[in-house]
Every structure is written in C-alpha cells, then in structure tokens.
Amino acid sequence: GQGLGTAFLEHLIEAGRRLGIDSYLAHVSSLNPGSIRFHLERGFKECGRFQAVGVKNGRPFDMVWLQRLES
C-alpha cells in the first residue's frame, strides 16, 4: 500500500525495455485477488488459467497467467 510494488514493477519493465524485452508474464494464485487486481491495473491482461491445480488450506485454486505487451 506504499507504492513499493508499483515502483519495483516499473523498474523491472524499464530495465527490460533497455534489453529489448517487450512481453512480461506473471502467474498468480486465484486465491490472491489483490495481486491479480494489481497486475490488471498496471496493463496486464489475463492470458491463461490452469484450473484446480492445487489446494491451500482446504480451498482449491487456479493459477492465473497475466501478460503485458509493450509493443
């Protein structure tokens, strides 16, 4: 909530730009809606989902893949 995640992500993307990287991927547990929202608000789009890949504390979860394209 202090902007550290945003600052870190922006730093990584800027470093990637200098290296010619234009595609960024994140994979997040569906049990972490805050992280999914964080990525969506910063230009990522859901590009895939592996359903029911695990159970945490008795709750099944998906793995959500998100992608940000800079091109």
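In this text the structure is predicted, and so the values were computed from the model without any measurement.

Calculation criteria
- Counting from 1, residues in each chain are numbered in the order their sequence is written.
- The predicted nature of this model means local features are confined to residues of pLDDT at least 70 and side-chain atom pairs, given and counted, to a pLDDT of 80 or more, with totals for whole chains, interfaces and linings taken over all residues.
- The side-chain numbers reported here are obtained from all heavy atoms of the structure, hydrogens and water having been left aside.
- Secondary structure elements follow DSSP: runs of H or I of four or more residues count as helices, runs of E of two or more count as strands, with numbering from the N terminus.
- A 1.4 Å probe rolled over the protein chains alone gives each residue an accessible area, and that area as a share of the maximum for its type sets the label: buried under 20%, exposed over 50%, partly exposed in between.
- Residues are treated as being in contact if the distance between any of their heavy atoms lies within 4.5 Å.
- We get accessible surface area from the Shrake-Rupley algorithm with a probe of 1.4 Å; when it comes to residues, only the shown protein chains can shield them.
- Under this rule, positive means Lys or Arg and negative means Asp or Glu; His and the chain ends count for nothing.
- We put the charge of a Lys on NZ, of an Arg on CZ, of an Asp on CG and of a Glu on CD.

### Things to note about the overall build of the protein
Now for step 1: The helix and strand tally for the protein stands at two helices and three strands.
Now for step 2: Listing every helix and strand of the protein by position from the N terminus yields α-β-α-β-β.
Now for step 3: Here the protein, with 71 residues, has 24% of them falling under the buried criterion.
Now for step 4: Pairs at least 24 apart in sequence give 54% of the contacts found in the protein among residues at least 6 apart.
Now for step 5: Summing over all exposed atoms, the protein offers an accessible surface of approximately 5200 Å²; the carbon and sulfur share of this is 54%.
Now for step 6: If you average the places of the 9 positive and of the 7 negative side-chain charges in the protein, the two averages end up 5 Å apart.

### Things to note about the environment of G3
Now for step 1: By secondary structure assignment, the location of G3 is in the segment before helix 1 (4-18).
Now for step 2: Taking the C-alpha atoms as reference, G3 lies 29 Å from F50; in sequence the two are 47 residues apart.

What is shown is where atoms sit, not what they do.
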